[in-house]
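Structural overview
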Amino acid sequence: MLKKCGFFCFVLFCRLESSQMCDSVSKKDFEGFRNLFHRFLQVKGPSVEWAKINRPPEDSIQPFDKIKAKGLPDNIADSLNKLVVVKLNGGLGTSMGCKGPKSLISVRNENTFLDLTVQQIEHLNKTYNADVPLVLMNSFNTDEDTKKILQKYTHHGVKIHTFNQSRYPRINKESLLPVAKDMAMTGENADVWYPPGHGDIYASFYNSGLLEQLIAEGKEYIFVSNIDNLGATVDLYILNHLVSQPNGKRCEFIMEVTDKTRADVKGGTLIQYDGKLRLLEIAQVPKAHVDEFKSVTKFKIFNTNNLWISLSAIKRLQEQNAMDMEIIVNPKTINGGLNVIQLETAVGAAIKCFDNALGINVPRSRFLPVKTTSDLLLVMSNLYSLEAGSLTMSERREFPTTPHVKLGSSFTKVQEYLTRFESIPDMLELDHLTVSGDVTFGKQVSLKGTVIIIANHGDRIDIPAGSMLENKIVSGNLRILDH
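Residues numbered from 1 in each chain as written. Predicted model: local features only at pLDDT ≥ 70, side-chain atom pairs only at ≥ 80, totals over all residues. Heavy atoms only, no water.

In this section: the overall build of the protein. Along the protein, the regular secondary structure elements total 13 helices and 26 strands. The C-alpha radius of gyration computed for the protein amounts to 24 Å, which stays within 12% of the reference 23 Å derived for 483 residues, consistent with globular compactness. C-alpha extents for the protein along the principal axes are approximately 70 × 60 × 55 Å. Split into buried and exposed, the 483 residues of the protein put 52% on the buried side. Partitioning the intrachain contacts of the protein with sequence separation of at least 6 by distance along the chain shows that 70% fall at a separation of at least 24. With the model as given, the accessible surface of the protein reaches about 22,800 Å², and the carbon-plus-sulfur share is 49%. In the protein, the 56 positive side-chain charges and the 54 negative ones have mean positions that sit 4 Å from each other. (Helix = DSSP H or I, 4+ residues; strand = E, 2+ residues; numbered from the N terminus. Rg over C-alpha atoms; globule rule 2.2 N^0.38 Å. Buried < 20%, exposed > 50% of the residue type's maximum accessible area, 1.4 Å probe, protein only. Contact = heavy atoms within 4.5 Å. Areas by Shrake-Rupley, 256 points an atom, 1.4 Å probe, with all protein chains shown as cover. Lys, Arg positive; Asp, Glu negative; His and termini not counted. Charge placed at Lys NZ, Arg CZ, Asp CG, Glu CD.)

To continue, consider empty space enclosed by the protein. Following the criterion strictly, the structure yields three cavities of 30 Å³ or more and no others. Here the second largest cavity is characterised by a volume of approximately 40 Å³. Taken together, Lys87, Phe113, Thr117, Gln120, Ile227, Asn229, Leu230 and Ala232 form the lining of the second largest cavity. Among the elements that take part in the lining of the second largest cavity, helix 5 (residues 113-128) stands out by supplying three residues, more than any other. Grouping the constituent residues of the lining of the second largest cavity by class yields four nonpolar, three polar and one charged. (1 Å grid on protein atoms, 1.4 Å probe; cavity = no way out; pocket = protein on both sides within 12 Å on 5 of 7 lines; lining within 4 Å. Points joined across faces, edges and corners; volume = space filled by probe spheres on them. Nonpolar A, V, L, I, M, F, W, Y, C, P; charged D, E, K, R; others polar.)

On to helix 11 (residues 311-319), then. Since one α-helical turn is 3.6 residues long, residues separated by three or four positions face the same way. Residues Leu311, Ala313, Ile314, Lys315, Leu317 and Gln318 constitute the buried set of helix 11. Of the surrounding secondary structure, the elements contacted by the buried residues of helix 11 are helix 7 (201-208), helix 8 (210-216), strand 10 (221-226) and strand 14 (301-310). Positive phi shows up at Asn321, right after helix 11, with a value of about 55°.

The next subject is the sheet that holds strand 1 (residues 61-63). To summarise the sheet geometry, strands pair through backbone hydrogen bonds and adopt either a parallel or an antiparallel arrangement. Ordered by their spatial adjacency, eight strands build an open sheet running 1-17-11-14-10-2-5-6, and the pairing between neighbours is mixed. Strands at the two margins of the open sheet, each flanked by one partner only, are strand 1 and strand 6 (160-164). Here the average twist between neighbouring strands, direction ignored, is 25°. For strand 11 (residues 253-259) and strand 14, the ladder comprises seven bridges, and the chain directions are antiparallel. Paired with Ile254 across the strands is Trp308, a residue of strand 14. Across the sheet, helix 7 lies against strand 2 (83-89), strand 5 (134-138), strand 6, strand 10, strand 11 and strand 14, angled at about 115° from strand 6, the strand it touches most. Across the sheet, helix 9 (residues 236-243) lies against strand 2, strand 10, strand 11, strand 14 and strand 17 (358-361), angled at about 145° from strand 11, the strand it touches most. (Pairing = 2+ DSSP bridges. Axes fitted to C-alpha atoms, helices over the stretch in contact; angles between N-to-C directions.)

Next up on the list: the packing of aromatic side chains. Summed over all chains, the structure comprises 15 aromatic pairs. Both rings, one in Phe33 and one in Tyr168, keep their centres 5.2 Å apart while their planes meet at 70°; by these two values the pair is edge-to-face. In this pair, Phe33 is assigned in helix 2 (residues 24-42) and Tyr168 in strand 7 (residues 168-169), connecting sequence segments 135 residues apart. Judged by relative accessible area, Phe33 falls into the buried class, the value being 1%. Among the residues examined, Tyr168 registers a relative accessible area of 6% and is labelled buried. A connected cluster of aromatic rings, assembled from ring pairs, spans Phe33, Phe37, Phe40, Tyr168 and Tyr194. (Phe/Tyr/Trp six-rings, centres within 6.5 Å; stacked < 30°, edge-to-face > 60°.)

The UniProt feature table records "binding site: substrate" (unreviewed entry) at His198. Not counting the four nearest positions on each side in its chain, His198 is found in contact with Leu88, Met137, Asn226, Asn305, Thr345, Ala346 and Val347. (UniProt positions renumbered as here; feature names shortened; annotations may be inferred.)

Right, let's talk about the side chain of Thr112 for a bit. In this fold, Thr112 is placed in strand 4 (residues 111-112). Separated by 3.0 Å, the side chain of Thr112 and the backbone nitrogen of Asp115 make a polar contact. When neighbours within four sequence positions are excluded, Thr112 is seen to be in contact with Ser103, Leu104, Ile105, Ser106, Val107 and Tyr153. (Polar contact = N/O pair within 3.5 Å; in protein donor to acceptor, adjacent residues only side chain to side chain.)

Moving on: the side chain of Asn240. Looking at where Asn240 falls in the secondary structure, it is placed in helix 9. With residues near it in sequence (within four places) discarded, Asn240 still touches Gly71, Leu72 and Pro73.

Secondary-structure assignment places Thr373 in helix 12 (residues 373-380). Classification of Thr373 as buried rests on a relative accessible area of 4%. Leaving out residues up to four positions away in the same chain, Thr373 has contacts with Met96, Leu407, Phe411, Thr412, Lys413, Val414 and Tyr417.

Quick look at the sheet that holds strand 15 (residues 328-334) now. Pairing is antiparallel in the open sheet, where three strands are placed in the order 8-16-15. Both outer strands of the open sheet, strand 8 (171-172) and strand 15, are each paired with one neighbouring strand and no more.

To continue, consider helix 7. Listed as buried for helix 7 are Ile201, Tyr202, Ser204 and Phe205. With its phi angle positive at about 85°, Gly209 sits one or two positions after the end of helix 7.

Written out as structure tokens, the structure reads:
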């Protein structure tokens, strides 16, 4: 196997050296990939032994209310000035039928994910006379388009920095050799490179020089989250908990977790393993134990990927080459049927490397990801109010939970989804909505309780303007039945 690694690295390095695009960034990417690939070949068997998994000690996952009970300091600006907000901005909007970075999709009142993020931080900085910068971790897929759009924020009172995550080669599943013929990104090489997951943040952030720069400016912690999680705003109570710790017991890593529901059974969870707090992902679970992993009773919380991490600790671990994250092997099919694998890591998997790591069980409202148009419908509706870039559940909603919404394939792409709603329905009293087939909604429709609308193939259902559907099933022949 090690001979295979040596041959692979020789092949890749020859291509790198002969390429006109060979630069210091490419060489750092190569070194990072060589280390990851070498580790991949050395892994034998599952990365966890199920019998060694234990529930985390009670004090290792604190309830948010306990953190909040400590209150806030008199000078909030002092705490904020130690903070940097980092958004993971490497993803494209292709799953929602959009071109370019996902962060540039409009989600509310013509505001994009990026607009809302900038508004949130600008509001913090103005309110507390603070200087919280925004850092975007882009990928080669999103960097150019993101940098073009950043010009519009010049006068928004937020310093914005960017850095790029690495670019690694996809590997032929059979030969374990790189598919790329050279370092080019176009033509037949368009599909052979990939950004290696958000676990790459540590090395890329360090290699960019930005981490060192921010430490020199007096910054101590980063708050990292996915840019499409609209619940991931700066929480002053968690920040205060971090910066108020005594020096000898400084918490270097906080993972926000929240209670698992049946919709979250595949989400990563925190466990105790070899005396350390550790993230367990479903990909690491032996097949015989997958159902146990999905159990809401045994593993009660899941990772929101809202993380608070010490900058100086990242620097130390990078320089000691001590950042250890499990490898995720992600199979893909490219170029008309070629089976490849890409090696990735997850940012939360590094929790075991940091001192005094902690989980905080936060309200569900801090986990509001927009992955599909079903999610988009929720955040565009009157279930939420928007203020200073932040979405909060409407006080007129009697239940704290969000409705379960499932839109069919006719709604998958954002542009088509938008044409099917003359206006977003009133959903304040909705519990469950399923829509399938060719369905459109008129203006000022109200949905309450459980509503199921199914247009059969070849049929079309137009919900008339002003309709109020409460506990109804609407079928393909336009019959409206009580549910």
